[in-house]
Amino acid sequence: MPKGKDTALISWKEVPFGCYILEPGNSVRFKTGDWRSFRPVLDKEKCVKCGQCYIMCPDMTYTQDEEGYYIVDLTYCKGCGICASVCPKGAITMVVEEV
């Protein structure tokens, strides 16, 4: 290989950027729930409406319904399981996503 000679097909300077945010708030346009292999299921009989799932969810997919329960929006839930792991009453179970 010759010294000092670039043998790559293209230079690193020509590689296009990927996975970056061009404007704030654009994540609502992407249905990231399609990535999920497990989904959270709430057992309302065990739930004490503490809101830990809402607080700890990294994707802000939980909203409170009229009864006070925190319900997940599966459109954006990636199935990470954090909500199930922080639930003090074990009211959230991660189940296999069915196709």
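Anyway, here's the lowdown on the structure attached to this text. (Residues numbered from 1 in each chain as written. Predicted model: local features only at pLDDT ≥ 70, side-chain atom pairs only at ≥ 80, totals over all residues. Heavy atoms only, no water.)

Some thoughts on the overall build of the chain
- Along its length, the chain carries two helices and four strands.
- Within the span of the chain, comprising 99 residues, buried residues form 24% of the whole.
- Contacts spanning at least 24 positions in sequence make up 63% of the contacts within the chain whose residues lie at least 6 apart.
- Roughly 7,900 Å² of accessible area belongs to the chain as shown, and the carbon and sulfur atoms make up 57% of that amount. (Helix = DSSP H or I, 4+ residues; strand = E, 2+ residues; numbered from the N terminus. Buried < 20%, exposed > 50% of the residue type's maximum accessible area, 1.4 Å probe, protein only. Contact = heavy atoms within 4.5 Å. Areas by Shrake-Rupley, 256 points an atom, 1.4 Å probe, with all protein chains shown as cover.)

Some words on empty space enclosed by the protein
- One pass over the structure, following the stated rule, counts two cavities of 30 Å³ or more.
- Looking at the lining of the largest cavity residue by residue, the classes come out as 10 nonpolar, two polar and three charged.
- A volume near 70 Å³ is recorded for the second largest cavity.
- If you trace the second largest cavity, you find it lined by M56, C57, P58, D59, T61, Y62, C77, K78, G79, C80, I82 and C83.
- For the lining of the second largest cavity, the per-class residue count stands at eight nonpolar, two polar and two charged. (1 Å grid on protein atoms, 1.4 Å probe; cavity = no way out; pocket = protein on both sides within 12 Å on 5 of 7 lines; lining within 4 Å. Points joined across faces, edges and corners; volume = space filled by probe spheres on them. Nonpolar A, V, L, I, M, F, W, Y, C, P; charged D, E, K, R; others polar.)

Focus on a nonpolar patch on the surface
- On the surface, a cluster of nonpolar side chains totalling about 470 Å² of accessible area is made up of Y54, I55, M56, M60 and I82.
- Looking at the nonpolar patch, the element that brings in the most residues is helix α1 (residues 52–56), giving three residues. (Patch = residues over 30% accessible without salt bridge, like charges linked within 9 Å, V, L, I, M, F, W, Y side chains within 5 Å. Salt bridge = Lys/Arg side-chain N within 4 Å of Asp/Glu carboxyl O.)

A look at the nonpolar core
- Formed by 13 residues in total, the largest nonpolar core has its most connected members in C53, Y62, C83 and I92.
- When contributions to this core are tallied by element, the ones reaching two or more residues are β3 (70–72) and α2 (82–86).
- With sequence-adjacent residues up to four places away left out, C53 is seen in contact with Y62, Y70, C83, V86 and I92. (Core = buried A, V, L, I, M, F, W, Y, C linked by side-chain atoms within 4.5 Å.)

What about the side chain of R36?
- Counting through the fold element by element, R36 comes out in the segment before β1 (38–42).
- Each residue touching R36, except ones within four places of it in the same chain, is listed here: L74, C77, K78, G79 and E97.

Such coordinate-based values are descriptive only and should not be taken to indicate function.
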